Amino acid sequence: YYGIGHDGIAPKKEMLEALLRVRRQYAYGRQRDYFDQPRTIGWTRSGDERHPHSGLAVLVDNGAGGGQRMKVGTAQAGRTFVDLTGQRPEKVLISGDGQGEFTVEPFSLSVWIREEALRELPGKAPDPKAWVFPRPSPREDVAELRKAGEETREHGDDKNADFLLGLAEQRGGS
């Protein structure tokens, strides 16, 4: 929250407060999770009638960035979603079947809320740079993959362990 000055980690107070406001005001309705990409996860909340402008979509990335088609629900059809973080300038129009193509920058987080919700959110929006996570060096990335692979094997999941260790080897680890 306050950062760690001696480690060069900046405070994240504004970012965390913005996330808490969005969760408190708009994270209602059915949740759908998306874990089908190796370095990006996402989830949506469909919103409900009791909470005006509720519903959201979130993507978290620890790699090259990208996009995910996600469903926020047919009640959101025709509505426009914008990225609270300010990193993605495009707007997402929700289709008739309740889906939209949401995007995220590399090593970052994007929180998509209804356009009218953004205008009513209290408080100051954090600097877009605050949402970017530190990128690991290639050596650190390989070491993390290798460690995750070894821990996964210890838990008896040989298939995923082989995948992670193979990825580490591809990226330059031995």
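Everything below is about the structure shown above.
Numbering of residues starts from 1 in each chain and follows the order in which that chain's sequence is written. Two thresholds apply to this predicted model, a pLDDT of at least 70 for residue-level local features and 80 or more for giving and counting side-chain atom pairs, whereas whole-chain, interface and lining totals are computed over all residues. To get the side-chain values, all heavy atoms of the structure are used, and hydrogens and water are removed first.

Next up on the list: the side chain of Arg 32. Checked against the element boundaries, Arg 32 lands in strand E1 (residues 31-34). Note on classification: 1.4 Å probe, protein chains only; a residue is buried when its accessible area is under 20% of the maximum for its type, exposed when over 50%, partly exposed between these limits. Under this rule, positive means Lys or Arg and negative means Asp or Glu; His and the chain ends count for nothing. A pairing counts as a salt bridge when a side-chain nitrogen of Lys or Arg comes within 4 Å of a carboxyl oxygen of Asp or Glu. Among buried charged residues, Arg 32 stands out as having no salt bridge; its nearest opposite-charge side chain is Asp 33, 9.7 Å away. By definition, residues are in contact when any of their heavy atoms lie within 4.5 Å. Not counting residues up to four positions away in its chain, the partners in contact with Arg 32 are Gly 42, Trp 43, Thr 44, Ser 46, Lys 71, Val 72 and Gly 73. The helix count covers DSSP runs of H or I at least four residues long, the strand count covers runs of E at least two residues long, and both are numbered beginning at the N terminus.

To continue, consider unusual backbone geometry. With a phi close to 65°, His 53 is a non-glycine residue in the positive phi region. Tracing the backbone through its elements, the reader meets His 53 in the loop between strand E2 (40-45) and strand E3 (56-61). The exposure class assigned to His 53 is partly exposed, which follows from its relative accessible area of 23%. Even without being glycine, Phe 107 reaches a positive phi, approximately 50°. With respect to the helices and strands, the residue Phe 107 is situated in the loop between strand E7 (99-104) and strand E8 (109-114).

Take helix H1 (residues 13-26) next. Given a rise of 1.5 Å per residue, 14 residues ought to cover 20 Å, and the 20 Å separating the end C-alpha atoms of H1 matches this to within 8%. Every buried residue of H1 is accounted for by Met 15, Ala 18, Arg 21, Val 22 and Tyr 26. Projection of H1 onto a plane perpendicular to its axis shows the buried side chains occupying an angular sector of 125°, all on one side. Set apart from the buried face of H1 by more than 90 degrees, the exposed residues are Leu 20, Arg 23 and Arg 24. For H1, the secondary structure elements touched by its buried residues are E3, E8 and helix H2 (115-120). Residue count minus one, scaled by 1.5 Å, sets the expected span of a helix. By arc we mean the arc of the directions from the helix axis to the C-beta atoms, nothing more.

Across the sheet, six strands lie side by side as E1-E2-E3-E8-E5-E6; this open sheet has antiparallel pairing. Strands with a single pairing partner mark the edges of an open sheet, and in this sheet they are E1 and strand E6 (92-93). Pairing between strand E5 (residues 80-83) and E8: three bridges, direction antiparallel. When the sheet's bridge partners are listed, Phe 81 is paired in E8 with Arg 114. Two strands qualify as a pair provided that DSSP identifies no fewer than 2 bridges between them.

To continue, consider the pairing of E8. Burial runs high along E8: six of the six residues are buried. Pairing between E3 and E8: five bridges, direction antiparallel. Within E8, the position partnered with Ala 57 by the bridge is Trp 112.

Take the packing of aromatic side chains next. Only the six-membered ring of Trp is used, alongside the rings of Phe and Tyr, when aromatic pairs are assigned; centres must lie within 6.5 Å, and planes under 30 degrees apart are stacked while those over 60 apart are edge-to-face, with the rest tilted. In this structure the tally under the stated criterion is two aromatic pairs. With a centroid separation of 6.1 Å and an interplanar angle of 80°, the aromatic rings of Phe 81 and Phe 102 are classed as edge-to-face. Of this pair, Phe 81 sits in strand E5 while Phe 102 sits in strand E7, and the two are 21 residues apart along the sequence. Each member of the pair, Phe 81 as well as Phe 102, carries the same accessibility label: buried. One aromatic cluster is present, built from ring pairs that chain together Phe 81, Phe 102 and Trp 112.

We now examine the environment of Gln 37. Along the chain, Gln 37 turns up in the loop between E1 and E2. Its relative accessible area of 25% is what places Gln 37 among the partly exposed residues. The sequence separation of Gln 37 and Gly 67 amounts to 30 residues, and the corresponding C-alpha distance is 9.7 Å. Here Gln 37 is in contact with Gly 67 and Gln 68, once residues within four sequence places are set aside. Polar contacts, as counted here, are pairs of nitrogen or oxygen atoms within 3.5 Å of one another; within protein the pair requires one atom able to donate a hydrogen and one able to accept it, and residues that are adjacent in sequence qualify only if both atoms are side-chain atoms. A polar contact of 2.9 Å, which involves the side chain of Gln 37, links it to the backbone oxygen of Gly 67.

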